[in-house]
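Chains, contacts and geometry: an overview
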Amino acid sequence: MEHVIALDIGGTNIRAAIINEKFKIIKVIRKATLTGSVDLFLKQVVDIIEDLSYQEYAPKAIVMGV
(Lines give C-alpha, C1' and ligand atoms only; values in the text may rest on other atoms or scores of the structure.)
Protein backbone atom coordinates (compact mmCIF):
# COMPACT_ATOMS: atom_id res chain seq x y z
CA MET A 1 0.00 0.00 0.00
CA GLU A 2 1.33 3.46 -0.87
CA HIS A 3 1.40 6.31 1.64
CA VAL A 4 2.07 10.05 1.65
CA ILE A 5 2.93 12.54 4.36
CA ALA A 6 0.74 15.65 4.43
CA LEU A 7 1.89 18.79 6.28
CA ASP A 8 -0.28 21.80 7.08
CA ILE A 9 2.01 24.57 8.31
CA GLY A 10 0.29 27.51 9.89
CA GLY A 11 1.37 30.42 12.04
CA THR A 12 -0.12 28.79 15.14
CA ASN A 13 0.09 25.02 14.52
CA ILE A 14 1.75 22.44 12.34
CA ARG A 15 -0.35 19.40 11.54
CA ALA A 16 1.14 16.33 9.92
CA ALA A 17 -0.41 13.04 8.86
CA ILE A 18 0.37 9.76 7.17
CA ILE A 19 -2.35 9.03 4.60
CA ASN A 20 -2.84 5.84 2.58
CA GLU A 21 -3.87 5.45 -1.07
CA LYS A 22 -7.53 5.18 -0.04
CA PHE A 23 -7.23 8.60 1.68
CA LYS A 24 -7.49 7.05 5.16
CA ILE A 25 -5.58 8.97 7.81
CA ILE A 26 -3.27 6.54 9.58
CA LYS A 27 -1.61 8.86 12.12
CA VAL A 28 -1.86 12.58 12.95
CA ILE A 29 0.42 14.90 14.91
CA ARG A 30 -0.28 18.51 15.87
CA LYS A 31 2.24 20.83 17.50
CA ALA A 32 2.49 24.56 18.07
CA THR A 33 4.59 26.24 15.36
CA LEU A 34 7.96 27.40 16.64
CA THR A 35 8.86 30.93 15.56
CA GLY A 36 11.87 33.20 15.80
CA SER A 37 14.44 31.01 14.04
CA VAL A 38 14.41 29.39 10.61
CA ASP A 39 16.78 26.65 11.82
CA LEU A 40 14.54 25.87 14.81
CA PHE A 41 11.48 25.76 12.56
CA LEU A 42 13.14 23.42 10.03
CA LYS A 43 14.30 21.13 12.84
CA GLN A 44 10.72 21.04 14.13
CA VAL A 45 9.41 19.97 10.71
CA VAL A 46 12.01 17.18 10.51
CA ASP A 47 11.18 16.06 14.07
CA ILE A 48 7.45 15.94 13.29
CA ILE A 49 8.05 13.81 10.20
CA GLU A 50 10.20 11.45 12.27
CA ASP A 51 7.45 11.32 14.96
CA LEU A 52 5.08 9.99 12.29
CA SER A 53 7.22 6.80 12.13
CA TYR A 54 7.60 7.41 8.42
CA GLN A 55 10.11 4.57 7.99
CA GLU A 56 7.34 2.09 8.76
CA TYR A 57 5.18 3.41 5.90
CA ALA A 58 7.86 4.34 3.30
CA PRO A 59 5.88 7.32 1.94
CA LYS A 60 6.08 8.04 -1.79
CA ALA A 61 5.73 11.81 -1.36
CA ILE A 62 5.48 14.69 1.06
CA VAL A 63 2.88 17.38 0.39
CA MET A 64 2.80 20.70 2.18
CA GLY A 65 0.36 23.55 2.52
CA VAL A 66 1.63 26.79 4.04
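Everything below is about the structure printed above this text.
Scoring rules and cut-offs
- Residues numbered from 1 in each chain as written.
- Predicted model: local features only at pLDDT ≥ 70, side-chain atom pairs only at ≥ 80, totals over all residues.
- Heavy atoms only, no water.
- Pairing = 2+ DSSP bridges.
- Helix = DSSP H or I, 4+ residues; strand = E, 2+ residues; numbered from the N terminus.
- Axes fitted to C-alpha atoms, helices over the stretch in contact; angles between N-to-C directions.
- Contact = heavy atoms within 4.5 Å.
- Core = buried A, V, L, I, M, F, W, Y, C linked by side-chain atoms within 4.5 Å.
- Buried < 20%, exposed > 50% of the residue type's maximum accessible area, 1.4 Å probe, protein only.

1. Regarding the sheet that holds strand E4 (residues 61–65)
- The mixed open sheet is built from four strands, whose spatial order is E3-E2-E1-E4. At either margin of the open sheet sits one strand with a lone partner, and together these are strand E3 (25–32) and E4. Adjacent strand axes in the sheet meet at a mean angle of 15° when their direction is disregarded.
- The strands that helix H1 (residues 38–51) touches are strand E1 (3–9), strand E2 (13–20), E3 and E4; relative to E3, the one it contacts most, it runs at about 150°.

2. What about the nonpolar core?
- Ranked by size, the top nonpolar core spans twelve residues in total: Ile-5, Leu-7, Ile-9, Ile-14, Ala-16, Ile-18, Ile-29, Val-45, Ile-48, Ile-49, Leu-52 and Tyr-57.
- At the level of secondary structure, the elements contributing two or more residues to this core comprise E1, E2 and H1.
- Among residues more than four places away in sequence, those in contact with Ile-29 are Ile-14, Arg-15, Ala-16, Ile-48, Asp-51 and Leu-52.

3. A word on the pairing of E2
- The element E2 is largely enclosed, with a buried count of seven among its eight residues.
- Pairing of E1 with E2 involves seven bridges; the strand directions are antiparallel. Its bridge partner being in E2, Leu-7 is matched across the sheet by Ala-16.
- Hairpin connection between E1 and E2: a loop of three residues separates the two successive antiparallel strands.
- As paired elements, E2 and E3 share seven bridges and run antiparallel to each other. Each residue of the ladder has a partner; that of Ile-18, found in E3, is Lys-27.
- Between E2 and the antiparallel strand that follows it, E3, lie four residues; Phe-23 among them carries a positive phi value of about 65°.

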